[in-house]
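Listed below are the residues making up each chain.
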Amino acid sequence: MAENGEEKLLAVARHIAKTLGHNDNMADDILQIFSNFDGRFSREKMADDDRRNSAALELTLKSLERQISQYVAADQPIWSDSADSAAFLDAIDDLIATIRDWTPMAGDKSVGACLVRAEDLMQQTMFRLEDEFRTLVERGGESLELSRAFRSESNGNLSFDSGAEDDEDEEGVIGDGEEHQIPTAQPITDYDIVIDSLPSGTINDLHEIAKRMVAAGFGKECSHVYSSCRREFLEESLSRLGLQKLSIDEVQKMPWQDLEDEIERWIKAANVSLRILFPSERRLVDRVFYGLSSAADLSFMEVCRGSTIQILNFTDAVAIGSRSPERLFKVLDVFETMRDLMPEFDSVFSNQYCLFLRNEAITIWKRLGEAIRGIFMELENLISRDPAKAPVPGGGLHPITRYVMNYLRAACRSRQTLEQVFEDNAGVPHQSKVDDRASSSSMSVQMAWIMELLESNLEAKSKIYRDSALCYVFMMNNGRYIVQKVKDSELGSLLGDDWIRKHSAKVRQYHVNYQRSSWNKVLGVLKLESGSLAPNAAVKSMKEKLKLFNIYFDEICKNQSNWVIFDELLRDELRISLTKILLPEYQSFVGRFQNVPEIGRHDKYIKYDSEDIEARINDLFQGSRGSGGGRK
């Protein structure tokens, strides 16, 4: 023990001299100074020690070369025999310790030469250790029983698919002569699962190798070989889940129907990856690199980076793609999936190497929010630019009314998500134009603005009707449809009771305006002039008025029987209202007419009785096929 301590003291002195001296002469001078204080530092003494140390190192190195070389050159895997693997690891430990202990004496030429040989031997050893590490990872996955690949605390064992098309070999993935296949995860919906991708014994062996490689300064190489093997597992798993490797450009050029299907597959793959595959890989890497946190973090990042980027690239392609309104609902699905997976991104990618993945996920998620707001802007443009071309036959529902209202009703099923999207937007466009209430949410303001755009567009379209009464029927139909759709959906709570009351009143006013513009002239001819007329003049006037009534009434009934009131209740209300205002006036006029004796035969002039009038009114607004009268 004392002799060993003296050797270390001499080695330290030699190291100090080498460090302080700028050349060999200066180092010799420093050692000469040391020898003046202690004879053990004399040139002769140290020369003897150098020779003795060099000889000892030479013997140690030769012994290690003999032990290690037989394993490095072996044709069979070293870890196929537990005794061989244990002996190999012991020899590596001795080599690491030898290099570490003798490095301070590297200034001695003989020792330095031996250390160069030791480093060469170490590099050969690490190359072989890499191969053994890779073999253990690959064969560990192959030998794992399929029934144990998935383990769920709540549901027991689940199957694990190797990708084979038959079930002939259920106990293993490959046979002796079969091509290598990587076991991959089937699509599932229960995420309370951990995948044990490697047997426990294999994990322990990998951990022992990783410790030696990190101690020898080959930690990055160990991480790379580990990640290259596990990366294949994740890539194959994503492929098995149906997710294709697509560039952003390929996604954007994909037909919309194909992209819808791809989004469905992406949602499943993203959930399985973030909730099952990545956490399981984190658990595995922490066991393999236990106590080696930096190597574990680097390895995990390299394993998951490619698959994560594949998932995020697809998301980004959706976010920067077309703003066509029909894409809203699938973009919402992607947005909600990313939102729900944010806690997983935060927990799984929390180390320094993975921060860029988490930050990229947050950026793309926000970009999806921008895409959703952009889609609503495109909807606004679609409404504003929809031209007033040919009028809808019979004053029925305009297609844009149906489209916009059903679109908004469907969108409101994702109200919570849309509230979040619009609240995240800096500033609220159109708020001053629509609603000055400070309590209005961003989404309610957005919906009210779209309603205002739709109403303005419909008013412009109503002006292409030549008949003002038909103009009011058109606005009544579309206004009633809008109010009903609002009342029967989340739009009602977003726009509020005041909005519903205001627009219900508008519909009633259209009703009044229709009656005035269409029926006032009919009612006008039934009014008798005040004052006294000569009997002959009064009789002539009444005959003329009854004749005009028949003409006007026939004309209106003929025209308006093809007009449309899509809502059955509104149609009944309108017919009842017309009956109430017209029938009493007509009955009064006819009664007075029949009491004039000078007229003679009354049936010559009275074309309709009360039942006929009511029947003709009930035939109004029947519409015709294709007139937009259907309600959906």
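As the structure is a prediction and not an experimental result, all values here were calculated from the model.

Undergrad: Outline the overall build of the protein chain, supporting the account with residue identities and numerical values.
TA: Counting its regular elements, the protein chain contains 22 helices and three strands. Counting only residues that meet the buried cut, the protein chain has 48% of its 632 residues in that class. Here the analysis covers contacts within the protein chain between residues at least 6 apart in sequence; of these, 78% occur between residues at least 24 apart. Surface accessibility of the protein chain: about 31,500 Å² in total, with carbon and sulfur atoms responsible for 48%.

Undergrad: How would you explain the environment of Asp94 if you had to name every residue and give the values?
TA: Mapped onto the elements, Asp94 comes out in helix 4 (residues 82–102). Among the residues examined, Asp94 registers a relative accessible area of 41% and is labelled partly exposed. Considered as a pair, Asp94 and Leu61 are 33 residues apart in the sequence and their alpha carbons are 9.7 Å apart.

Undergrad: Give a description of a negative patch on the surface that names residues and reports values.
TA: Together, Asp609, Glu611, Asp612 and Glu614 give the surface a local cluster of negative charge. Turning to its location among the elements, Glu611 is positioned in helix 22 (residues 610–618).

Undergrad: An account of the packing of helix 6 (residues 200–215) against helix 9 (residues 256–288) is needed here, citing residue identities and associated values.
TA: Following both chains from N to C, one finds helix 6 and helix 9 inclined at 55 degrees, their axes separated by 8 Å at the closest point. Relative to helix 9, helix 6 is oriented oblique. Facing Ser200, Ile203, Leu206, His207 and Ala210 of helix 6, the residues of helix 9 in contact are Leu284, Arg287 and Val288. Tallied by class, residues from the contact of helix 6 with helix 9 come to five nonpolar, two polar and one charged.

Undergrad: How would you explain the packing of helix 12 (residues 355–385) against helix 16 (residues 442–462) if you had to name every residue and give the values?
TA: Think of two packed helices as two axes; the pair is described by the angle between the axes and how far apart they sit. It is at 9 Å that the axes of helix 12 and helix 16 come closest, and there the two elements cross at 15 degrees. Between helix 12 and helix 16, the angle is such that the two are roughly parallel. Read as a crossing pair, helix 12 and helix 16 show a hand that is left-handed. The segment helix 12 lies against helix 16, with Phe376, Leu379, Glu380, Ile383 and Ser384 engaging Gln446, Met447, Trp449, Ile450, Leu453, Leu454 and Asn457. Taken together, the residues of the contact of helix 12 with helix 16 sort by class into eight nonpolar, three polar and one charged.

Undergrad: Outline the packing of aromatic side chains, listing residues and values.
TA: Under the definition given, this model contains 20 aromatic pairs. Their ring planes at 10 degrees and their centres at 5.4 Å tell us that Phe549 and Phe553 sit as a pair that is stacked. With Phe549 and Phe553 both in helix 20 (residues 535–560) and four residues apart, the pair spans about one turn of that helix. Owing to a relative accessible area of 0%, Phe549 belongs among the buried residues under this scheme. What makes Phe553 buried here is its relative accessible area of 0%. We note Arg282 situated over the ring of Phe300; from NZ or CZ to the ring centre the distance is 4.9 Å.

Undergrad: Report on the nonpolar core, specifying residues and quantitative values.
TA: Formed by 173 residues in total, the largest nonpolar core has its most connected members in Phe133, Phe289 and Phe376. The greatest single-element share of this core, amounting to 15 residues, is contributed by helix 9. Ignoring sequence-local partners within four residues, the contact set of Phe289 consists of Phe133, His207, Ala210, Cys222, Ser223, Tyr226, Ala295, Ala296 and Ser299.

Undergrad: Which residues make up the pattern of salt bridges, and what values go with them?
TA: Close approach of charged atoms allows side chains with opposite charge to pair. Here the structure, examined in full by the defined rule, presents 27 salt bridges. Residues Glu281 and Arg230 are paired through a salt bridge, measuring 2.5 Å at the closest nitrogen-oxygen approach. Within this pair, whereas Glu281 is found in helix 9, its partner Arg230 is found in helix 7 (residues 219–240), the two being separated by 51 residues in sequence. For the pair formed by Glu281 and Arg230, the shared burial category is buried. A salt bridge links Asp498 to Arg501; the nearest nitrogen and oxygen atoms lie 2.3 Å apart. Residue Asp498 and its partner Arg501 are located together in helix 19 (residues 497–525), separated by three residues, close to a single helical turn. You'll find Asp498 and Arg501 in the same group, each marked exposed.

Undergrad: Can you lay out the side chain of His398 for me, pointing to particular residues and giving the numbers?
TA: For His398, the position within the fold is in the loop between helix 12 and helix 13 (399–411). When its relative accessible area of 13% is taken as the criterion, His398 is described as buried. When near neighbours in sequence (up to four residues on either side) are disregarded, His398 contacts Asp386, Val392, Leu458, Lys461, Phe474 and Asn478.

Undergrad: How would you summarise unusual backbone geometry if you had to cite specific residues and measurements?
TA: Although it is not a glycine, Phe621 sits at a positive phi angle of roughly 65 degrees. Relative to the assigned elements, Phe621 resides in the segment after helix 22. Residue class for Phe621 comes out buried when judged on its relative accessible area of 2%.

Undergrad: Tell me about helix 13, and please be specific about residues and values.
TA: A rise of 1.5 Å per residue sets the reference length of helix 13, with its 13 residues, at 18 Å; its end C-alpha atoms lie 18 Å apart and thus fit the reference within 8%. Listed as buried for helix 13 are Ile400, Thr401, Arg402, Val404, Met405, Tyr407, Leu408, Ala410 and Ala411. Residues of helix 13 that are buried make contact with helix 11 (328–348), helix 12, helix 14 (415–423), helix 16, helix 17 (468–487) and helix 18 (490–495).

Undergrad: Tell me about the environment of Val334, residues and numbers included.
TA: Residue placement: Val334 occurs in helix 11. Residue class for Val334 comes out buried when judged on its relative accessible area of 0%. The spatial distance from the C-alpha of Val334 to the C-alpha of Ile267 is 7.0 Å, given a sequence separation of 67 residues. With residues up to four places along the chain from it excluded, the contact list for Val334 reads Ile263, Trp266, Thr315, Val318 and Leu368.

Undergrad: An account of the side chain of Ser227 is requested, with residue identities and associated values reported.
TA: Mapped onto the elements of the fold, Ser227 is located in helix 7. Judged by its relative accessible area of 1%, Ser227 falls in the buried class. Polar contacts involving the side chain of Ser227 include one to the main-chain carbonyl oxygen of His224, which spans 3.0 Å. At 2.9 Å, the side chain of Ser227 forms a polar contact with the side chain of Glu302. Ser227 has contacts with Ser299, Glu302 and Val303, leaving out every residue within four places of it along the chain.

Undergrad: Help me get a handle on the environment of Ile551, residues and values and all.
TA: Looking at the secondary structure, you find Ile551 in helix 20. Ile551 sits 29 residues away from Val522 along the chain, and the two C-alpha atoms are 9.3 Å apart.

Undergrad: Describe the confidence of the model for the protein chain, naming the residues involved and giving the relevant values.
TA: For the protein chain, per-residue confidence averages 81 on the pLDDT scale, and 76% of positions sit at 70 or higher. Segment residues 143–187 is flagged for pLDDT under 50; beyond a separation of four residues in sequence, or across chains, it makes 86 contacts in the model. This model gives residues 625–631 a pLDDT under 50, and the stretch forms 19 contacts once residues within four places in sequence are excluded.

Definitions and limits used
- Residues numbered from 1 in each chain as written.
- Predicted model: local features only at pLDDT ≥ 70, side-chain atom pairs only at ≥ 80, totals over all residues.
- Heavy atoms only, no water.
- Helix = DSSP H or I, 4+ residues; strand = E, 2+ residues; numbered from the N terminus.
- Buried < 20%, exposed > 50% of the residue type's maximum accessible area, 1.4 Å probe, protein only.
- Contact = heavy atoms within 4.5 Å.
- Areas by Shrake-Rupley, 256 points an atom, 1.4 Å probe, with all protein chains shown as cover.
- Patch = residues over 30% accessible without salt bridge, like charges linked within 9 Å, V, L, I, M, F, W, Y side chains within 5 Å.
- Salt bridge = Lys/Arg side-chain N within 4 Å of Asp/Glu carboxyl O.
- Lys, Arg positive; Asp, Glu negative; His and termini not counted.
- Charge placed at Lys NZ, Arg CZ, Asp CG, Glu CD.
- Axes fitted to C-alpha atoms, helices over the stretch in contact; angles between N-to-C directions.
- Parallel < 35°, antiparallel > 145°, perpendicular 65-115°, else oblique.
- Nonpolar A, V, L, I, M, F, W, Y, C, P; charged D, E, K, R; others polar.
- Left-handed = near helix turned anticlockwise from the far one by under 90°.
- Phe/Tyr/Trp six-rings, centres within 6.5 Å; stacked < 30°, edge-to-face > 60°.
- Lys NZ or Arg CZ within 6 Å of the ring centre and 35° of its normal.
- Core = buried A, V, L, I, M, F, W, Y, C linked by side-chain atoms within 4.5 Å.
- Expected span 1.5 Å × (residues − 1).
- Polar contact = N/O pair within 3.5 Å; in protein donor to acceptor, adjacent residues only side chain to side chain.
- pLDDT = per-residue confidence, 0-100.

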